[in-house]
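Report on the structure
Below are the chains, spelled out letter by letter.
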Amino acid sequence: MADDKDVLRDVWFGRIPTCFTLYQDEITEREAEPFYLLLPRVSYLTLVTDKVKKHFLKVMKAEDVEEMWFDFEGTPLKWHYPIGLLFDLHASNTALPWSITVHFKNFPERDLLHCPSNSVIEAHFMSSIKEADALKHKSQVINDMQKKDHKQLWMGLQNDKFDQFWAMNRKLMEYPTEEGGFRYIPFRIYLVNELMGIPRIHDSDEIPSKR
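Labelled according to an unreviewed UniProt entry, the protein chain appears under the name ATG5 autophagy related 5 homolog (S. cerevisiae), originating from Hucho hucho. Looking at the protein chain in UniProt, the text filed under Sequence similarities (unreviewed entry) is "Belongs to the ATG5 family."

**Remarks on the overall build of the protein chain**
A count of helices and strands for the protein chain gives seven helices and seven strands. Counting from the amino terminus, helix and strand elements in the protein chain follow one another as α-β-β-α-β-β-α-β-α-α-α-α-β-β. Residues classed as buried in the protein chain amount to 38% of the 211 residues present. Across the protein chain, contacts joining residues at least 24 apart in sequence account for 65% of those joining residues at least 6 apart. Looking at the protein chain as shown, the accessible area adds up to about 12900 Å², and 50% of this sits on carbon and sulfur atoms.

**Observations concerning the sheet that holds strand S5 (residues 98-103)**
Strand order in the open sheet formed by five strands is S2-S1-S5-S3-S4, with mixed pairing between adjacent strands. Only two strands of the sheet have a single partner each, and these edge strands are strand S2 (35-40) and strand S4 (75-76). Pairing geometry for strand S3 (residues 69-72) and S4, over two bridges, is antiparallel. In the strand pairing of S4, Phe72 is matched with Thr75. Relative to S2, helix H2 (residues 50-57) is tilted by about 165°, and along the sheet it contacts strand S1 (15-22), S2 and S5.

**A look at the pattern of salt bridges**
Considering all chains together, one arrives at seven salt bridges under this definition. A salt bridge links Lys105 to Glu66; its shortest N-O distance comes to 3.4 Å. With Lys105 in the loop between S5 and helix H4 (118-137) and Glu66 in the loop between H2 and S3, this residue pair connects regions lying 39 residues apart in the sequence.

**Description of empty space enclosed by the protein**
This model, assessed by the stated rule, comprises one cavity of 30 Å³ or more. Here the largest cavity is characterised by a volume of approximately 70 Å³. Every residue along the wall of the largest cavity is listed here: Thr46, Glu67, Met68, Trp69, Phe70, Leu77, Trp79, Phe107, Leu112, Leu113 and Cys115. For the lining of the largest cavity, the class distribution of residues is nine nonpolar, one polar and one charged.

**A few points about the packing of aromatic side chains**
What the rule picks out here adds up to 10 aromatic pairs. Ring geometry for Trp12 against Phe162: centres 6.0 Å apart, planes inclined by 75°, an arrangement best described as edge-to-face. One end of the pair, Trp12, is in helix H1 (residues 5-12); the other, Phe162, is in helix H7 (residues 162-173), with 150 residues separating them in the sequence. As far as the burial class goes, Trp12 and Phe162 line up, both buried. Geometrically, the ring pair formed by Tyr81 and Tyr190 is edge-to-face, given 4.9 Å between the ring centres and 70° between the ring planes. Within this pair, whereas Tyr81 is found in the loop between S4 and helix H3 (83-90), its partner Tyr190 is found in the loop between strand S6 (185-186) and strand S7 (200-201), the two being separated by 109 residues in sequence. Among the aromatic residues, those joined into a cluster by ring pairs are Trp12, Phe13, Phe125, Trp154, Phe162, Phe165 and Trp166. In this structure, Lys136 is placed above the aromatic ring of Phe182, and the distance from its NZ or CZ to the ring centre is 5.4 Å.

**Overview of the environment of Lys151**
With respect to the secondary-structure elements, Lys151 resides in helix H6 (residues 147-158). Residues Lys151 and Glu122, 29 residues apart in the sequence, show an inter-C-alpha distance of 9.2 Å.

**Some thoughts on the packing of H6 against H7**
Between H6 and H7, the shortest axis-to-axis distance is 7 Å and the interhelical angle comes to 125°. By the criterion of interaxial angle, the relationship of H6 to H7 is oblique. The chirality of how H6 crosses H7 is left-handed. Contacts between H6 and H7 involve Asp149, Gln152, Leu153, Met155, Gly156 and Leu157 from the former and Gln164, Phe165, Ala167, Met168, Asn169, Lys171 and Leu172 from the latter. Here the residues of the contact of H6 with H7 are counted per class, giving seven nonpolar, four polar and two charged.

Reading the values: the criteria
Residues numbered from 1 in each chain as written. Predicted model: local features only at pLDDT ≥ 70, side-chain atom pairs only at ≥ 80, totals over all residues. Heavy atoms only, no water. UniProt positions renumbered as here; feature names shortened; annotations may be inferred. Helix = DSSP H or I, 4+ residues; strand = E, 2+ residues; numbered from the N terminus. Buried < 20%, exposed > 50% of the residue type's maximum accessible area, 1.4 Å probe, protein only. Contact = heavy atoms within 4.5 Å. Areas by Shrake-Rupley, 256 points an atom, 1.4 Å probe, with all protein chains shown as cover. Pairing = 2+ DSSP bridges. Axes fitted to C-alpha atoms, helices over the stretch in contact; angles between N-to-C directions. Salt bridge = Lys/Arg side-chain N within 4 Å of Asp/Glu carboxyl O. 1 Å grid on protein atoms, 1.4 Å probe; cavity = no way out; pocket = protein on both sides within 12 Å on 5 of 7 lines; lining within 4 Å. Points joined across faces, edges and corners; volume = space filled by probe spheres on them. Nonpolar A, V, L, I, M, F, W, Y, C, P; charged D, E, K, R; others polar. Phe/Tyr/Trp six-rings, centres within 6.5 Å; stacked < 30°, edge-to-face > 60°. Lys NZ or Arg CZ within 6 Å of the ring centre and 35° of its normal. Parallel < 35°, antiparallel > 145°, perpendicular 65-115°, else oblique. Left-handed = near helix turned anticlockwise from the far one by under 90°.

Pasting the structure below:
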């Protein structure tokens, strides 16, 4: 992994320039100015938008504010998808900055999961890590890590700290050559309107050529 550190840094520090605007039907005391932010591709919307929320709450009354959610061109954005994935699925062909609409009313129950706190994001993130390690290492690595190691991994992501995150994540990415490599290589295939399961590919499997 050391040889790939520059690549890992480039991926980690990938940013998407974004313009947040308040939905036109939201009730405000005065005009709400747009808010601009560089979003990290590897994080989650609800984890990095506290500044967005504070910005728009300045022009709103408390009684008019419910759970914040986002949409792009009418499509609700799933907070449990990484930001880079959301952009690639919905907006990769649009001009920058990415234009996201902010809502505080009429939460789309059928389209989005509720996210009342960062602990919900943490639980989702750690669940994904555990699923992947079950396929790669039979859960041995994640189970051998202490609770403080799990917390360091999460805090590295939450606080956008590359070194803090990778000090723990490199353990999950180690290639056990003495055991013939990873048992399986976990990955997800995302489509615009649906999510396929987690396929399993053994790293020694041959990929058939196209005919």
